[in-house]
Amino acid sequence: MNNKLNPLRLWYVLLDSRPLSHISWSSIRRIGQSRLLSLTIVVPFLGSVILFNQAVVDLLSISPEVVRRWFHLASDRSEEAKVTAHALTLSRLYFVYFGLSFLGFGSAVFALFCPESIKEYPSVTNYQSVEAPLATKPRFRILLRHAAHHFCFWQWRIYDDYFPLTAASQALRRLGEPVDFLRLFVAVILEVYGEWCRKHGSVPDDHSQYQDDESGLPDPWKLVRPMAFSRRTEEWWVDQVADTSFDLETRNDILALSYMAYDHSKPLWRLLAASFYACGFGLLLIPTFQTFYNVLSSLFARAV
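Note that this is a predicted model, so its numbers are computed, not measured. (Residues numbered from 1 in each chain as written. Predicted model: local features only at pLDDT ≥ 70, side-chain atom pairs only at ≥ 80, totals over all residues. Heavy atoms only, no water.)

Asks: Please provide a residue-by-residue account of the overall build of the protein, values included.
Replies: Within the protein one finds 17 helices and 0 strands. On the protein, roughly 17500 Å² of surface is accessible, and the fraction owed to carbon and sulfur atoms is 61%. (Helix = DSSP H or I, 4+ residues; strand = E, 2+ residues; numbered from the N terminus. Areas by Shrake-Rupley, 256 points an atom, 1.4 Å probe, with all protein chains shown as cover.)

Laid out in structure tokens, this is it:
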């Protein structure tokens, strides 16, 4: 049995774990909506002027006496302690500058590309409670089309064949495939389609254009495609299905799907925003851990 790691196998394991689906706009929102972090947008432009100002460097300079204790320097080596303290101060300021700059880049990406619905509502329940009383049938038609288009976007096995010029990277979509959204959408659309058939005196089996060629059951892809990319001859059907979803108990489900669609949109920008934030916080933690280690080692040396 070969116990060696297969890079291709690891790649497929990574794709199947869908890590990007866990980095939604609502999860990034917890950081991106911070007023303090939003101020970091100016750091890449003004940070060098502020942080590396001589007065600021002098103000934040580490005490030479503390450095002498950290590095166990002799008391007669005060000049060396001052030089070391100045170098340590500058290195920490570099980490702070680049860390805040990356946080600023992440805040800029969030501000520019995060959907307004996610910025305004922190969760699905908030979105539903506010939007449900305001929703109208014309609004529901738009919401259903939007959710349907998002559903088609994540069909990486099929979507590229129909719309190759507008498809994002297949690997990127596999990494961010929102399984919960897709499952809920299929369940809701089949329920709404079944109710539409009953209201018009038919059964799903009466409409062969929406059936799977092999099983004969309603095919979610064939149902959704006219909603996402409807032709003029299919507009009436799409509007009727949307009106049916408005009248059913699935109203809140359509609102939830709309929110989830926004929440998982623009996977590349979500990945960039999360990466910038991760790099920024990581760089800011480096001087923190360095100080913690130096203090701890100094205390331990004195105790011994």
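Asks: I'd like to hear about unusual backbone geometry, residue by residue, with values.
Replies: Here Arg-18, not a glycine, exhibits a phi torsion of approximately 50°, which is positive. Here Arg-18 shows up in the loop between helix H1 (7–17) and helix H2 (25–32). Among the residues examined, Arg-18 registers a relative accessible area of 25% and is labelled partly exposed. (Buried < 20%, exposed > 50% of the residue type's maximum accessible area, 1.4 Å probe, protein only.)

Asks: Can you explain the packing of helix H10 (residues 137–153) against helix H16 (residues 251–263)? Please cite residues and give values.
Replies: Put simply, H10 and H16 touch, their axes get as near as 9 Å, and they point 50° apart. The angle between the axes of H10 and H16 places the two elements in the oblique class. In the packing of H10 onto H16, the handedness of the crossing is left-handed. Residues Phe-140, Leu-143, Leu-144, His-146, Ala-147 and His-150 of H10 lie in contact with H16, whose contacting residues are Arg-251, Ile-254, Leu-255, Leu-257, Ser-258, Met-260, Ala-261 and Tyr-262. Here the contact of H10 with H16 is built from residues that sort into 10 nonpolar, 3 polar and 1 charged. (Axes fitted to C-alpha atoms, helices over the stretch in contact; angles between N-to-C directions. Parallel < 35°, antiparallel > 145°, perpendicular 65-115°, else oblique. Left-handed = near helix turned anticlockwise from the far one by under 90°. Contact = heavy atoms within 4.5 Å. Nonpolar A, V, L, I, M, F, W, Y, C, P; charged D, E, K, R; others polar.)

Asks: Residues and numbers for the packing of aromatic side chains, please.
Replies: Evaluated as defined, the whole model comprises 16 aromatic pairs. Ring centres of Phe-151 and Phe-185 lie 4.9 Å apart, and the angle between their planes is 20°; on these two criteria the pair is classed as stacked. Taken together, the residues span a long stretch of sequence, with Phe-151 in helix H10 and Phe-185 in helix H13 (residues 179–199) at a distance of 34 residues. You can call Phe-185 buried: its relative accessible area is 1%. Connected via pairs of aromatic rings, a cluster forms that spans Tyr-193, Trp-196, Tyr-210 and Trp-237. Above the ring of Phe-153, the side-chain terminus of Arg-173 is found at 5.5 Å from the ring centroid. Against the face of Phe-246 rests Arg-251, its NZ or CZ located 4.0 Å from the ring centre. (Phe/Tyr/Trp six-rings, centres within 6.5 Å; stacked < 30°, edge-to-face > 60°. Lys NZ or Arg CZ within 6 Å of the ring centre and 35° of its normal.)

Asks: Break down the nonpolar core for me, with residues and values.
Replies: Core analysis: the biggest nonpolar cluster contains 49 residues, and Phe-181, Phe-185, Met-227 and Trp-237 have the highest contact counts within it. Contributions of two or more residues to this core are made by H2, helix H7 (78–113), H10, H13, helix H14 (220–228), helix H15 (235–247), H16 and helix H17 (267–303). Take this core: its biggest share by element is 9 residues, from H13. Every residue in contact with Phe-185, bar those within four places of it in the chain, is listed here: Ala-147, Ala-148, Phe-151, Val-224 and Leu-257. (Core = buried A, V, L, I, M, F, W, Y, C linked by side-chain atoms within 4.5 Å.)

Asks: Any details on the pattern of salt bridges? Residues and values, ideally.
Replies: The final tally for this structure, using the stated rule, is 8 salt bridges. Glu-177 is paired through a salt bridge with Arg-18; the nearest N and O atoms lie 2.9 Å apart. Of the two residues, Glu-177 sits in the loop between helix H12 (170–175) and H13 while Arg-18 sits in the loop between H1 and H2, which places them 159 residues apart along the sequence. A relative accessible area of 10% means that Glu-177 is categorised as buried. Arg-141 is paired through a salt bridge with Asp-239; the nearest N and O atoms lie 3.9 Å apart. Separated by 98 residues along the polypeptide, Arg-141 in helix H10 and Asp-239 in helix H15 bring together distant segments of the chain. Here the salt bridges share partners, and the residues they tie into one network are Arg-141, Arg-145, Glu-235, Asp-239 and Asp-243. (Salt bridge = Lys/Arg side-chain N within 4 Å of Asp/Glu carboxyl O.)

Asks: Any chance you could break down the environment of Arg-174 for me, citing the residues and the numbers?
Replies: For Arg-174, the position within the fold is in helix H12. Spatially, the C-alpha atom of Arg-174 lies 7.4 Å from that of Asp-16, the residues being 158 residues apart in sequence.

Asks: Go over a nonpolar patch on the surface with me, naming the residues and quoting the values.
Replies: Judged by side-chain polarity, Ile-41, Val-42, Phe-45, Leu-46, Val-49 and Ile-50 come together as a nonpolar surface patch covering roughly 570 Å² of accessible area. Looking at where Val-49 falls in the secondary structure, it is placed in helix H4 (residues 43–51). According to the relative accessible area criterion, Val-49 is exposed, its value standing at 56%. (Patch = residues over 30% accessible without salt bridge, like charges linked within 9 Å, V, L, I, M, F, W, Y side chains within 5 Å.)

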